[in-house]
Amino acid sequence: MRRARPGALPRGTAERALTSVEAGADFDAARDRATEGRSTAAETGTGDGGAGERPLSKLWHVTLSVSGVESPLKEVRRGLEQLAHDHPFLLTSRYANDHAEIRYWEEARDLHDAAAVALRLWGEHRQTAKLPPWEIVGLEVIDRETYHQRIAEGYGPPPAAPVGVHPY
C-alpha cells in the first residue's frame, strides 16, 4: 500500500488515486489472540484503563445510502468525487440524480463507533464537498469477517470494484 499525504498524487499519474487505510498494528495482534482463544481485558474493553492499555480496533465495512430531491448528475458526481478526495478511505460511490450509495472501510473500536462516524460523514461534508441536501436513508455496518463470509457464499454486496465514483 502506498503511504502518502491524503490527496497527494502518485508519482507519474495525472489523476489522484484512491487509497485505503490500514487496520493498525493492534489489528493483527487482536486477530491472532482471538484465534488462539485468549481474551484479555483490553480486547473486551473491560480493562481499568491502566497505563499502556488501549482498546483494540478492527475494520468495519460501511455502506451509507442517501436520498433526496433530484440534483443534476454532474453536481452529484462532483460532490462525491470531492468527498473521495477529502477522505481517501472511500472505496466506491454509486449515484443517480436522487440517491447515492457510499461504501468504505472504517477502523473503529466497535460497531457503535463505526456507525457514529458513518452517520456524521454526509452532514459534516455537505458544505465542504458541496453535496446535495439529501438525508441518510440507510446504513449497514458489518465486520470484516461477515463481509468476507457473505462474498464467499455468493450473497451480499458485490466487492467494491471498480474503485471510484460511478453512476448506477
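On a predicted model such as this, the values are computed, not experimentally measured, just so you know.

**Describing the overall build of the protein**
For step 1, the next point in the chain: Looking only at helices and strands, the protein features five helices and five strands.
For step 2, the next point in the chain: When its helices and strands are written in sequence order, the protein yields α-α-β-α-β-β-α-β-α-β.
For step 3, the next point in the chain: Element-wise, carbon and sulfur atoms account for 53% of the exposed surface of the protein, whose accessible area totals about 10100 Å².

**A word on the pattern of salt bridges**
For step 1, the next point in the chain: In this structure the tally under the stated criterion is seven salt bridges.
For step 2, the next point in the chain: For the salt bridge of Arg109 with Asp110, the shortest nitrogen-to-oxygen distance reads 3.2 Å.
For step 3, the next point in the chain: Bridged by salt links that share partners, the residues Arg109, Asp110 and Asp113 form one connected network.

**A look at the nonpolar core**
Nonpolar side chains in soluble globular proteins tend to be buried together.
For step 1, the next point in the chain: Grouped together as the largest cluster of nonpolar side chains are 25 residues, with contacts concentrated most on Leu80, Leu83, Leu90, Ile102, Tyr104, Leu121 and Trp122.
For step 2, the next point in the chain: The leading source of residues in this core is helix H4 (residues 111-125), at five residues.
For step 3, the next point in the chain: In this structure, Ile102 is in contact with Val62, Thr63, Leu64, Leu80, Leu83, Leu90, Thr92, Ser93 and Trp122, ignoring residues within four places of it in sequence.

**Examining unusual backbone geometry**
For step 1, the next point in the chain: A positive phi angle is found at Lys130, which is not glycine, with a value near 55°.
For step 2, the next point in the chain: Turning to its location among the elements, Lys130 is positioned in the loop between H4 and strand S4 (135-143).
For step 3, the next point in the chain: For Lys130, a relative accessible area of 59% corresponds to the exposed category.

**Quick look at the packing of aromatic side chains**
For step 1, the next point in the chain: Counted according to the given criterion, the structure contains two aromatic pairs.
For step 2, the next point in the chain: Ring geometry for Trp105 and Tyr147: centres 5.1 Å apart, planes at 80°, overall edge-to-face. Of this pair, Trp105 sits in strand S3 (residues 99-108) while Tyr147 sits in helix H5 (residues 144-153); the two residues are 42 residues apart in sequence, bridging distant segments of the chain.
For step 3, the next point in the chain: The exposure class of Trp105 is buried, given its relative accessible area of 16%.

**Section: the side chain of His61**
For step 1, the next point in the chain: Following the sequence through the fold, His61 ends up in strand S1 (residues 58-67).
For step 2, the next point in the chain: Ignoring any residue separated from it by four or fewer positions in sequence, one finds His61 in contact with Leu91, Arg103, Tyr104, Trp105, Glu140, Val141, Ile142 and Tyr147.

**Section: helix H3 (residues 73-86)**
For step 1, the next point in the chain: For H3, which comprises 14 residues, the first-to-last C-alpha distance of 20 Å matches the rise-based estimate of 20 Å (1.5 Å per residue) to within 8%.
For step 2, the next point in the chain: Within H3, the full set of buried residues consists of Val76, Gly79, Leu80, Leu83 and Ala84. All buried residues of H3 fall inside an arc of 140° around its axis, so they share one side.
For step 3, the next point in the chain: Its buried side turned inward, H3 meets strand S2 (90-95), S3, H4 and strand S5 (164-167).

**Section: the confidence of the model for the protein**
For step 1, the next point in the chain: Summarising the model, the protein shows a mean pLDDT of 75, and 63% of its residues fall at 70 or more.
For step 2, the next point in the chain: Here helix H2 (residues 41-44) stands out as the element of the protein with the lowest mean pLDDT, 41, in contrast to S4, whose mean of 96 is the highest.
For step 3, the next point in the chain: The low-confidence segment residues 1-22, where pLDDT is below 50, has 32 contacts with residues more than four positions distant or belonging to other chains.

**Concerning the sheet that holds S5**
For step 1, the next point in the chain: With mixed pairing, the five strands of this open sheet are ordered in space as S4-S1-S3-S2-S5. Edge positions in the sheet fall to S4 and S5, since each of these pairs with one other strand and no more. Mean inter-strand twist for the sheet, computed between neighbouring axes without regard to direction, equals 15°.
For step 2, the next point in the chain: Set on the sheet, H4 makes contact with S1, S2, S3 and S4; between it and S4 the angle comes to about 150°.
For step 3, the next point in the chain: Against the sheet, H5 contacts S1, S3 and S4, and its axis sits at roughly 90° relative to S4.

Rules used in this analysis
Residues numbered from 1 in each chain as written. Predicted model: local features only at pLDDT ≥ 70, side-chain atom pairs only at ≥ 80, totals over all residues. Heavy atoms only, no water. Helix = DSSP H or I, 4+ residues; strand = E, 2+ residues; numbered from the N terminus. Areas by Shrake-Rupley, 256 points an atom, 1.4 Å probe, with all protein chains shown as cover. Salt bridge = Lys/Arg side-chain N within 4 Å of Asp/Glu carboxyl O. Core = buried A, V, L, I, M, F, W, Y, C linked by side-chain atoms within 4.5 Å. Buried < 20%, exposed > 50% of the residue type's maximum accessible area, 1.4 Å probe, protein only. Contact = heavy atoms within 4.5 Å. Phe/Tyr/Trp six-rings, centres within 6.5 Å; stacked < 30°, edge-to-face > 60°. Expected span 1.5 Å × (residues − 1). Arc of directions from axis to C-beta. pLDDT = per-residue confidence, 0-100. Pairing = 2+ DSSP bridges. Axes fitted to C-alpha atoms, helices over the stretch in contact; angles between N-to-C directions.

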